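# Working through the structure, step by step
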Amino acid sequence: TYLVSLFLKELGLQDSCLHLRNRFYWNFKDAPLDKIISDPDQFMEKQALRESLMLVKPGEFCLAHLEYTAESVESLDRSNCRHIFLVRNLRDALVSHMRFIEDKRRLSRPGPWSAEKDSKKKFAGYMKNVGCAYLRGFSRQLNWIDHSGVLVTKYEGLVGDFGSKTQLSTIAKLLNFAMVPISAEEALNILNAQALGRPTRTYSGSPSNVLDYWSEEAENIFIDHLGLSANQRLGYE
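First, a word on what this report is: a plain description of the structure on this page.

About the criteria used
Residues numbered from 1 in each chain as written. Predicted model: local features only at pLDDT ≥ 70, side-chain atom pairs only at ≥ 80, totals over all residues. Heavy atoms only, no water. Core = buried A, V, L, I, M, F, W, Y, C linked by side-chain atoms within 4.5 Å. Buried < 20%, exposed > 50% of the residue type's maximum accessible area, 1.4 Å probe, protein only. Helix = DSSP H or I, 4+ residues; strand = E, 2+ residues; numbered from the N terminus. Contact = heavy atoms within 4.5 Å. Pairing = 2+ DSSP bridges. Salt bridge = Lys/Arg side-chain N within 4 Å of Asp/Glu carboxyl O. Axes fitted to C-alpha atoms, helices over the stretch in contact; angles between N-to-C directions.

Attention now moves to the nonpolar core. Judged by nonpolar contacts, the single largest core of 36 residues is most densely connected at Leu 94, Phe 123, Tyr 126, Met 127, Trp 214 and Leu 234. Mapped by element, the contributors of at least two residues to this core are β1 (14-20), α4 (70-79), β5 (84-87), α5 (90-101), α6 (119-139), α10 (216-224) and α11 (227-234). In terms of residue count, α5 provides more of this core than any other element does, six residues in total. Once you skip the residues sitting within four places of it in the chain, Phe 123 turns out to touch Leu 94, Val 95, Met 98, Tyr 213, Trp 214 and Ala 218. If you look at the next biggest cluster of nonpolar residues, it comprises 21 residues, including Phe 61, Ile 171, Leu 175 and Val 180.

Now for the pairing of β5. Side-chain alternation along β5 places Phe 85 and Val 87 on a buried face and Ile 84 and Leu 86 on a face that remains uncovered. Bridge analysis of β5 against strand β6 (residues 151-154) gives four bridges, and the strand direction is parallel. Within the sheet, the bridge partner assigned to Phe 85 lies in β6 and is Val 152.

Note that side chains of opposite charge can pair when their charged atoms are close. Evaluation of the coordinates by the stated rule reveals nine salt bridges. With a closest N to O distance of 2.5 Å, Glu 71 and Arg 50 form a salt bridge. Placement of Glu 71 in helix α4 and of Arg 50 in helix α3 (residues 49-52) is noted, with a sequence separation of 21 residues between them. Of the charged contacts, one joins Arg 140 and Glu 67 as a salt bridge, the two residues approaching to 3.5 Å between their closest N and O atoms. In this pair, Arg 140 is assigned in the loop between α6 and β6 and Glu 67 in the loop between β4 (60-64) and α4, connecting sequence segments 73 residues apart. Owing to a relative accessible area of 18%, Glu 67 belongs among the buried residues under this scheme. Three or more residues joined by partner-sharing salt bridges are found here, namely Arg 23, Glu 67 and Arg 140.

Of note in the backbone geometry, Asp 30 takes a positive phi value of approximately 65° without being a glycine. Residue position: Asp 30 is located in the loop between β2 (24-27) and α2 (33-38). Positive phi, normally seen in glycine, also occurs at Asn 80, with a value near 60°. Structurally, Asn 80 can be placed in the loop between α4 and β5.

A few words on the sheet that holds strand β3 (residues 44-46). Read across the open sheet, the four strands follow the order β3-β2-β1-β4; overall the sheet is mixed. Of all the strands in the sheet, just β3 and β4 have a single pairing partner and so form its edges. Mean inter-strand twist for the sheet, computed between neighbouring axes without regard to direction, equals 30°. Bridge count for β1 against β4 is four bridges, and the pairing is parallel. If you follow Asp 15 over to β4, its bridge partner there is Phe 61.

Below is the structure:
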């Protein structure tokens, strides 16, 4: 999410610095990155989506993790905004999320599972305590992939994991949707030089390797909490 935010900003779009949820939002405008990372909730305000969307000015973009509800659909339709739904293989997303919440720069500390030295046992502990809730939360967002007018964008396609042809095609669709009048090749150069590997709220310093963390125990939890079926609906295995 924050990689795409940085990419859009480097493409010349105006960042509102808002991150919306259905019933609250964060306003990171003018906040130093270290303070955002260490204690993001100091920037949180409680407000329904229909009201927080009004804080996004014409020409700006915002970030969001929104449950698919009648109210959120109505709010987005009324705001006349363009909606990019960024998705990623859920196994990779879960590992990335674990690394995010155990980041030692954060003031809030995760549970005892984070002290486990064995990476696979640690991840299994995360799945039992946090990952299952993550999957429940994602399940409430999943239906955006079928909503009319939403541009579904795969993270792997954007960063080149699916090859250069798919990467350029993914970027071209994003540029067209966001009405950015440059070529996909030029935008790819911007992505490589000014976004990938750059510090953001969620960047942990290196890509996550799911094989370092995944286990049969983790897979069973993944299946039991409908991660596999959601992943397949997204077009992953």
